[in-house]
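# Reading the structure
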Amino acid sequence: MERIPILKMGPFLLVTIQVDLYDRLALTLENDLINMVSKTEAKGVLIDISAVSIVDSFMGRILGNIASMSKIMDAATVVVGMQPAVAITLVELGLTLSGVHTALDVEQGMELLRTKIGNLDTDEEGLYDSFI
């Protein structure tokens, strides 16, 4: 079964979606990501959808579910790289994606996550900076 890679970067998890998500893959990603939040005690999840050109209501709900579940597990969620057509589609579908923060790119998304979780101690900051 195909899986989307989930990378740990300091206190955050990074997911880059490079393929169109069909329903089963989206559900697998949701499950894998929430399990990784629990396993790693991640404080933030960054989902890069810059390669996604089409989104439907199911994928919109999955993004919202990930944000809600992550929040319950004390992790903020930021979606980055949303193309204008995807944003338009989400609005037209009436999906507000409450709980999902957005940023233009990965760099801004990481900065937003760092702001959301507050000051990190020096060791964690050093680990984060080594991945840039």
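Up top is the structure these notes are about.
Keep in mind that this is a model prediction, so the values were computed, not measured.

### Describing the pairing of strand S3 (residues 44-48)
Among the five residues in S3, five count as buried, and that is most of the element. Side chains of S3 alternate between two faces, with Gly44, Leu46 and Asp48 and Val45 and Ile47 buried alike. Across five bridges, strand S2 (residues 12-16) lies against S3 in parallel orientation. Residue Leu13 lies in a different strand from S3, and its bridge partner there is Val45.

### Focus: unusual backbone geometry
Phi at Glu41 takes a positive value of approximately 55 degrees, unusual for a residue other than glycine. For Glu41, the position within the fold is in the loop between helix H1 (23-40) and S3. Positioned with a positive phi, Asp74 is a non-glycine residue whose angle comes to about 70 degrees.

### Some details on the pattern of salt bridges
For the structure on display, the rule yields two salt bridges. Between Asp32 and Arg3 there is a salt bridge whose closest N-O contact spans 2.8 Å. Residue Asp32 is found in helix H1, and its partner Arg3 is found in the segment before strand S1 (6-9); the two are separated by 29 residues along the sequence. The partly exposed category is assigned to Arg3, whose relative accessible area is 49%. Across the pair Asp74 and Lys43 runs a salt bridge whose closest N-O atoms are separated by 3.0 Å.

### Considering the packing of H1 against helix H2 (residues 57-72)
Contact geometry of H1 with H2 gives a least axis separation of 10 Å together with a crossing angle of 10 degrees. In terms of orientation, H1 lies roughly parallel with respect to H2. Of H2, the residues touching H1 (which contributes Asp23, Ala26, Leu27, Glu30, Leu33, Ile34 and Val37) are Phe58, Ile62, Asn65, Ile66, Met69 and Ser70. Considering only residue class, the contact of H1 with H2 consists of nine nonpolar, two polar and two charged.

### So, the sheet that holds S1
With mixed pairing, the five strands of this open sheet are ordered in space as S1-S2-S3-S4-S5. The open sheet has two free edges, formed respectively by S1 and strand S5 (101-103), since each of these has just one partner strand. The average undirected angle you get between the axes of adjacent strands in this sheet is 25 degrees. Summarising the sheet, S1 and S2 pair through four bridges and their orientation is antiparallel. The residue of S2 that forms the bridge with Leu7 is Leu14. The strands that H2 touches are S3 and strand S4 (76-80); relative to S4, the one it contacts most, it runs at about 150 degrees.

How each quantity is defined
Residues numbered from 1 in each chain as written. Predicted model: local features only at pLDDT ≥ 70, side-chain atom pairs only at ≥ 80, totals over all residues. Heavy atoms only, no water. Buried < 20%, exposed > 50% of the residue type's maximum accessible area, 1.4 Å probe, protein only. Helix = DSSP H or I, 4+ residues; strand = E, 2+ residues; numbered from the N terminus. Pairing = 2+ DSSP bridges. Salt bridge = Lys/Arg side-chain N within 4 Å of Asp/Glu carboxyl O. Axes fitted to C-alpha atoms, helices over the stretch in contact; angles between N-to-C directions. Parallel < 35°, antiparallel > 145°, perpendicular 65-115°, else oblique. Contact = heavy atoms within 4.5 Å. Nonpolar A, V, L, I, M, F, W, Y, C, P; charged D, E, K, R; others polar.

Read these as layout, nothing more, since geometry by itself doesn't imply function.
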